Amino acid sequence: MEEIISKKIAVVETKSGYPDFPYEDNKFKSDILNLLESIGLDPNNPFGNYLKEGGTVLIKPNWVRDHSPKGNFESLVTHTSIIKNIMDLAAAALNGRGRIIIGDAPLQNCNFDKLLDISRIKDVVKIFSDKYPEIEVVIEDWRITTMKSSESRESVVQIQKISENDAKIKDYSLIDLANDSFLEEISNKANLFRVTKY
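So, here's what we can say about the structure.

What counts, and at which threshold
The numbering scheme is per chain: residues are counted from 1 as the chain's sequence reads. Predicted model: local features are reported for residues with pLDDT of at least 70 only, side-chain atom pairs are reported and counted for 80 or more only, and whole-chain, interface and lining totals are derived from all residues. Excluded from the side-chain calculation are hydrogens and water; included are all heavy atoms of the structure. Helix and strand labels come from DSSP, where a helix needs a run of H or I of at least four residues and a strand needs a run of E of at least two; each type is numbered from the N terminus. The contact definition used throughout considers only heavy atoms, calling two residues in contact when any of these lie within 4.5 Å. Shrake-Rupley sampling with a 1.4 Å probe provides the accessible areas, and residues are treated as covered by the protein chains on show and by no other component. Multiply 1.5 Å by the residue count of a helix minus one, and that product is the helix's expected span. With a 1.4 Å probe rolled over the protein chains alone, any residue whose accessible area is under 20% of its type maximum counts as buried; one over 50% counts as exposed, and the rest are partly exposed. In the analysis that follows, any N or O atom pair within 3.5 Å is treated as a polar contact, provided that within protein one partner can donate a hydrogen and the other can accept it, and provided that, for residues neighboring in sequence, both atoms belong to side chains. Side-chain atoms within 4.5 Å are what join buried Ala, Val, Leu, Ile, Met, Phe, Trp, Tyr and Cys residues into a set we call a nonpolar core. Ring pairs are drawn from Phe, Tyr and Trp, using the six-membered ring of Trp, whenever the two centres fall within 6.5 Å, and their geometry is named by plane angle: stacked under 30 degrees, edge-to-face over 60, tilted for the rest. Axis angles are defined between N-to-C directions and span 0 to 180 degrees, where every axis is a line fitted to C-alpha atoms and, for a helix, only to the segment in contact. For this classification, under 35 degrees means roughly parallel, over 145 means roughly antiparallel, 65 to 115 means roughly perpendicular, and everything else is oblique. Handedness of a helix crossing follows the sense of rotation of the near helix relative to the far helix, less than a right angle counterclockwise being left-handed and clockwise being right-handed.

1. With respect to the overall build of the protein chain
A count of helical and extended segments in the protein chain gives four helices and five strands. Its helices and strands in sequence order give the protein chain the pattern α-β-α-β-α-α-β-β-β, from N to C terminus. Taking the contacts inside the protein chain whose residues are at least 6 apart along the sequence as the reference set, 72% of them involve residues at least 24 apart. When the accessible surface of the protein chain is summed, it comes to about 13400 Å², and 50% of that surface belongs to carbon and sulfur atoms.

Structure (structure tokens):
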């Protein structure tokens, strides 16, 4: 399989913090474009060589949890201002027609709906959809197993798994990376892992 984008790491110095909702900040967008340009992408249309009109884009943010015991929610998620700017750049490459899927598998005890509300991603999707009516945006929770905790978060009240009869289960494939997994060398200590299955 041909490698589409080479593995590169880039760092761009920016001001501290993120823009306020609705995340319209030209300096912030410029910083993102500078980052993409530093790994060899065209700053005028960074995804233009990889996406075509009517195509599908997957944006996989890091959505860990809907709350932090220490009160810093932003340290547990990809900030929505970054997702919003990537959506806009994808829309340009799609020429205003296509599909964007935003999905992740947070920790099993994450309240996904609450995470979406706190992050304001649904508000961003609404504004985006008004601007690009021919791009369908879908937000997906990829977890197979979820846990609902009590209000005190001290005890698990309910564990919910997707049934084998659920149509959604057909979207999943079990893949064993075996020795190619970075976790293989500690796999014999699986009983120490907090998260066991998505």
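2. Notes on helix H2 (residues 80–93)
With 14 residues, H2 extends 20 Å from end C-alpha to end C-alpha; this agrees with the ideal 20 Å at 1.5 Å per step. Within H2, 11 of the 14 residues are buried, which leaves it mostly tucked inside the rest of the structure. Regarding H2, the residues found buried are Thr80, Ser81, Ile83, Lys84, Asn85, Met87, Asp88, Leu89, Ala90, Ala91 and Ala93. Buried positions along H2 lie against helix H1 (26–38), strand E1 (56–59), strand E2 (98–104), helix H3 (112–119), helix H4 (121–131) and strand E3 (135–141). Phi turns positive one or two residues past the end of H2, at Asn95, with a value near 55°.

3. Things to note about H1
Between its terminal C-alpha atoms H1 stretches 18 Å, which fits the 18 Å expected from 13 residues at 1.5 Å a residue. Residues Phe28, Asp31, Ile32, Leu33 and Leu36 constitute the buried set of H1. Those residues of H1 that are buried lie in contact with H2. The N-cap of H1, judged by a side-chain oxygen 2.9 Å from the amide nitrogen of Lys27 a few residues on, is Asp25. Positive backbone phi, approximately 95°, marks Gly40, located one or two places after H1.

4. Here we look at the nonpolar core
Judged by nonpolar contacts, the single largest core of 34 residues is most densely connected at Trp63, Met87, Ile100, Ile102, Phe128, Ile135 and Val137. Broken down by secondary-structure element, the contributors of at least two residues to this core are H1, E1, H2, E2, H3, H4 and E3. Residue contributions to this core peak at six residues, all from H2.

5. A word on the packing of aromatic side chains
For any pair of aromatic rings, the description consists of the separation of the ring centres together with the inter-plane angle of the planes. Summed over the entire model, instances satisfying the criterion amount to four aromatic pairs. Summarising the aromatic geometry, the rings of Tyr18 and Phe28 are spaced 6.2 Å apart at their centres and angled 70° between planes, so their arrangement reads as edge-to-face. With Tyr18 in the segment before H1 and Phe28 in helix H1, the pair connects residues that are 10 residues apart, well separated along the chain. Judged by relative accessible area, Tyr18 falls into the partly exposed class, the value being 38%. Arranged with centres 5.8 Å apart and planes meeting at 70°, the rings of Trp63 and Phe112 form a pair that is edge-to-face. On the criterion of sequence distance, the pair formed by Trp63 in the loop between E1 and H2 and Phe112 in helix H3 is long-range, its members being 49 residues apart. Given a relative accessible area of 1%, Trp63 falls into the buried group. Exposure remark for Phe112: the relative accessible area of 9% places this residue in the buried category.

6. Focus: the environment of Gly55
Within the element layout of this structure, Gly55 appears in the loop between H1 and E1. A residue is classified by how much of its surface remains accessible, and Gly55, at 22% relative accessible area, is partly exposed. Distance in space between the C-alpha atoms of Gly55 and Ile100 is 8.6 Å, their sequence separation being 45 residues. Excluding anything up to four places from it in sequence, Gly55 contacts Leu94, Arg97, Gly98 and Arg99.

7. Observations regarding the packing of H2 against H4
Where H2 contacts H4, the axes come no closer than 10 Å and their chain directions differ by 20°. On the basis of the axis angle, H2 is roughly parallel to H4. Seen from above, H2 lies across H4 with right-handed handedness. Counting all contacts with H2, which are made through Thr80, Ile83, Lys84, Met87, Asp88 and Ala91, the residues of H4 involved are Ile121, Val124, Val125, Phe128 and Lys131.

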